[in-house]
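# Notes for the structure review
Each chain is listed here by its residues.
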Amino acid sequence: MKLIIDTDPGIDDAMAIAYAAAAPEIELVGLTTVFGNTYVHQSSRNARYLLDKLGLSIPVAQGASFPRGSESHTPSEYVHGPEGFGDLTDIPEIGYNHALPAAEFLAEMARVHKGELVVCAIGPLTNIADAIRLDPEFSSNLKRLVIMGGAVFCPGNITEHAEANIYHDAAAANEVFATPPETVLVGLDVTLKTLYEAADFEALASRSPHMGAFLHDISRFYLKFYKEIGGLEGCGLHDSTAVIACTHDPMFDMASIGLQVIAHGPELGATRPDPSRPSISVCRNVDGAEVVRLFTDRVASLP
Ligand code: RIB
Ligand code: CA
């Protein structure tokens, strides 16, 4: 399966990209970057650094710096760290961004790989909404869009109502859900069932001394945030669960639901069922331990 990941790396994004590199069913065609956990220039630098560590020579196309209708975005450094990879600093610029902006790259790749390309969006949906606006055939050219986002039947994580990716660009998310391609939503309803604990990272590092050890090192910061703010003994495999849903959808219980995003006020970013909207496949349940096992076994196979 040909895959492009739209990403704001980001610690759990790094885990998801490593998983994609290790998954035998996945041919990673490229990455597109967006603001969110980091500033977009940091997302692009981190993406290229990660691909170099993984030994992958694929394009990174940079996308949106800000959400719809805004001229600024300030990342929450206390979640993913000042540079997006926890305590890691002085992350080198390796290689260059692709010449095309993310939305044009997404539209072009969907055309070139008509009917074969899956896009997995694990950051705010600005680039996806831009691609839909840019090319009226983008959605029909895509095989599927898989989104890490939303909290449909459970509380949010950035506020009690909203999940972070949707919250960071509620207007773009609303545009996507108004005219969605074939879409699977992998929200907190399932990703919070996939907690990855310190012992899991230690086991991963012992089995994969290069990549596993890197993920172990950058996860310290993230685990501290989850413990101090969320009172949890692990971090959610949010983005990896979405990438796994790209190839292993039978693992997930899904329901066909149309979604509206609250675009203003105290419930900004909330994802609410709306029968007037086109239905998408919303993940309702998953065996979290099975996701954790699949993630670990595959990433542990990396050097
Ligand atoms: O709510 C979790 C999502 O927000 C993940 O994609 C994480 O990387 C952050 O972007
Ligand atoms: Ca992310």
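The numbering scheme is per chain: residues are counted from 1 as the chain's sequence reads. Naming scheme: in the order in which they are written, chains are lettered from A and ligands are numbered from 1. With pLDDT at 70 or above as the cut-off, local features in this predicted model cover only qualifying residues; side-chain atom pairs require 80 or more to be listed or tallied, and sums for whole chains, interfaces and linings still use all residues. Only hydrogens and water are set aside; all other atoms, that is, all heavy atoms of the structure, feed into the side-chain values.

Inter-axis angles, ranging from 0 to 180 degrees, are taken between N-to-C directions of lines fitted to C-alpha atoms, where helices are fitted over the stretch in contact. To qualify as a helix, a DSSP run of H or I must reach at least 4 residues; to qualify as a strand, a run of E must reach at least 2; elements of each kind are numbered from the N terminus. The interhelical angle for the contact between helix H12 (residues 238–247) and helix H13 (residues 288–299), taken along N-to-C directions, is 85 degrees, at an axis separation of 11 Å. Taken as axis vectors, H12 and H13 run roughly perpendicular relative to one another. Here Ser240, Thr241 and Ile244 of H12 come into contact with H13, specifically with Val291, Leu294 and Phe295. Classification convention: Asp, Glu, Lys, Arg as charged; Ala, Val, Leu, Ile, Met, Phe, Trp, Tyr, Cys, Pro as nonpolar; all other residues, Gly among them, as polar. In terms of residue class, the contact of H12 with H13 is built from 4 nonpolar, 2 polar and no charged. Note that the term roughly parallel is reserved for angles under 35 degrees, roughly antiparallel for angles over 145, roughly perpendicular for angles of 65 to 115, and oblique for everything else. Any two residues whose heavy atoms approach within 4.5 Å at even a single point are treated as in contact.

Let us now look at the coordination of the calcium ion (ligand 2). Each protein donor to the calcium ion (ligand 2) is listed here as Asp8 (OD), Asp13 (OD), Asp13 (OD), Ile122 (O) and Asp239 (OD); together their distances run 2.2 to 2.7 Å. Because no water is among the atoms considered, metal sites can look incomplete, with donors defined as N, O and S atoms within 2.8 Å of the metal, or 3.2 Å for Na, K and Ca. Written as a sequence motif, the donor residues of the calcium ion (ligand 2) are D-x4-D-x108-I-x116-D. Each member of the pair, aspartate 8 as well as aspartate 13, carries the same accessibility label: buried. To sort residues, take the accessible area from a 1.4 Å probe on protein chains only and compare it with the maximum for the residue type: under 20% means buried, over 50% means exposed, and anything in between is partly exposed.

Between the rings of Phe, Tyr and Trp (Trp by its six-membered ring), a pair exists once the centres lie within 6.5 Å; its type follows the angle of the planes, with under 30 degrees stacked, over 60 edge-to-face, and the other angles tilted. Tallied over the entire structure, the rule returns 8 aromatic pairs. When the ring of tyrosine 196 is compared with that of phenylalanine 295, the centres are 5.2 Å apart and the planes differ by 85 degrees; the resulting orientation is edge-to-face. Here phenylalanine 295 lies in helix H13 and tyrosine 196 lies in strand S7 (residues 195–197), a separation of 99 residues in the sequence.

Before going further, it helps to examine the pairing of strand S2 (residues 27–33). When you tally the buried positions in S2, you get 6 out of 7 residues, the bulk of the element. Pairing of strand S1 (residues 2–7) with S2, which is carried by 6 bridges, proceeds in the parallel orientation. For leucine 3, the partnering residue across the bridge sits in S2 and is leucine 28. Handedness of the crossover joining S1 and S2 through helix H1 (residues 11–22) is recorded here as right-handed. In this analysis, strands are considered paired if DSSP registers two or more bridges between them. When S2 meets strand S3 (residues 60–62), the two strands line up parallel, connected through 3 bridges. Following the sheet pairing, leucine 31 is matched in S3 by valine 60. If the strands point away from the viewer and the path from the first strand over the helix to the second runs clockwise, then the crossover is right-handed. In terms of handedness, the path from S2 via helix H2 (residues 40–54) over to S3 forms a crossover that is right-handed.

Right, let's talk about the confidence of the model for the chain for a bit. On average, residues of the chain score 97 in pLDDT, and 100% of them are at 70 or above. A score from 0 to 100, pLDDT tells how confident the predictor is in each residue. When mean pLDDT is compared element by element in the chain, strand S4 (residues 117–121) scores highest at 99, while helix H3 (residues 77–80) scores lowest at 90.

It is worth spelling out the site of ligand 1 at this point. Here a residue is considered near a molecule or strand provided that any single heavy atom belonging to it is located within 4 Å of it. Neighbouring residues of ligand 1: 13 residues in total, closest Asp12, Asp13, Asn157, Glu163 and Asp239. Within the side chain of asparagine 37, an N or O atom sits 3.0 Å from an oxygen atom of ligand 1. Pairs of N or O atoms are called polar contacts if they sit within 3.5 Å, as long as, within protein, a hydrogen donor faces a hydrogen acceptor (for residues adjacent in sequence, only side-chain-to-side-chain pairs). Between ligand 1 and the protein, one listed contact pairs an oxygen atom with a side-chain N or O atom of asparagine 157 at 2.8 Å. Computed on the free molecule, ligand 1 has an accessible area of 280 Å², of which 96% lies beneath the protein chains in the complex. Elements supplying a minimum of two residues to the shell around ligand 1: H1, helix H7 (164–168) and H12. The residue inventory of the shell around ligand 1, partitioned by class, reads 3 nonpolar, 5 polar and 5 charged. Areas reported here follow the Shrake-Rupley algorithm with a probe of radius 1.4 Å; residue values treat only the protein chains shown as occluding.

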